[in-house]
Amino acid sequence: QVAEAFATDKKHTFTHGITFGTHPVSCAVALANVEILEREGLVENSARSGDYLISQLRAMQERHRIVGDVRGIGLMTQVELVRNRETKEPFTDADGLADRVGGRLMERGVLCRAAATINLAPPLVTNREDVDEIVDVVEAVIGEVERELSL
């Protein structure tokens, strides 16, 4: 009955404030964050390190038949895993890729969402050495999965 009064007549819309949106403190924090991004060149670093990450993942793709595609922009990348690269036949839930891939990556320190796709989004401060470590772990896990599934 109370909700109906607000829902039926726009003149009775319940307006209220929120504690963080457009609040001067949160705006100041956002501006400080933008200053840090600019001062430390983090957007440029993301582009540079991201190009290197994608090139390393694409090189890895050539060595592993279950890597169907590598895509991304900056440091936001995705590795698509498929049962058959030529036909793009997907894996099924029965293949258990969430545990086989996601669980193993997490155990080895690569925190990401992963199953039939591996979604990588390392921090903007990521450098070439970090990328090499990430790709080494991803490649090791993919190799294990290929062997286990006899692919």
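Whatever comes next refers back to the structure up there.
In this text, all values refer to a predicted model and were calculated from it rather than measured experimentally.

Comments concerning the overall build of the chain
Okay, step 1: From N to C terminus, the chain includes five helices and four strands.
Okay, step 2: In the chain, the succession of α and β elements from N to C terminus is α-α-α-β-β-α-β-β-α.
Okay, step 3: Overall size of the chain, expressed as C-alpha extent along the three principal axes, is 65 × 45 × 30 Å.
Okay, step 4: Scored against the burial criterion, the 151 residues of the chain give a buried share of 34%.
Okay, step 5: Sequence separation of 24 or more characterises 55% of the internal contacts of the chain that already satisfy a separation of 6 or more.
Okay, step 6: When the accessible area of the chain is evaluated, it comes to approximately 9,900 Å², of which 56% is carbon and sulfur surface.
Okay, step 7: In the chain, the 17 positive side-chain charges and the 25 negative ones have mean positions that sit 3 Å from each other.

What about the environment of Arg39?
Okay, step 1: Residue position: Arg39 is located in helix α2 (residues 24–39).
Okay, step 2: Linking Arg39 and Val25, residues 14 residues apart in sequence, is a C-alpha distance of 21 Å.

Let's talk about the pattern of salt bridges
Okay, step 1: Under the definition given, this model contains nine salt bridges.
Okay, step 2: For Arg71, the salt bridge is made with Glu80, and the minimal N-O distance between the two is 3.5 Å.
Okay, step 3: For Arg71, a relative accessible area of 31% corresponds to the partly exposed category.
Okay, step 4: Residue classification places Glu80 among the partly exposed residues on the basis of a relative accessible area of 22%.
Okay, step 5: Measuring nitrogen to oxygen at the nearest pair gives 2.4 Å for the salt bridge that ties Arg104 to Glu148. Remark: Glu148 occurs in helix α5 (residues 128–148) and Arg104 occurs in helix α4 (residues 97–107); sequence separation between them is 44 residues.
Okay, step 6: In this structure Arg104 comes out as buried when scored by relative accessible area, which is 18%.
Okay, step 7: The class of Glu148 is partly exposed, set by a relative accessible area of 38%.

Rules behind the numbers
Residues numbered from 1 in each chain as written. Predicted model: local features only at pLDDT ≥ 70, side-chain atom pairs only at ≥ 80, totals over all residues. Heavy atoms only, no water. Helix = DSSP H or I, 4+ residues; strand = E, 2+ residues; numbered from the N terminus. Buried < 20%, exposed > 50% of the residue type's maximum accessible area, 1.4 Å probe, protein only. Contact = heavy atoms within 4.5 Å. Areas by Shrake-Rupley, 256 points an atom, 1.4 Å probe, with all protein chains shown as cover. Lys, Arg positive; Asp, Glu negative; His and termini not counted. Charge placed at Lys NZ, Arg CZ, Asp CG, Glu CD. Salt bridge = Lys/Arg side-chain N within 4 Å of Asp/Glu carboxyl O.

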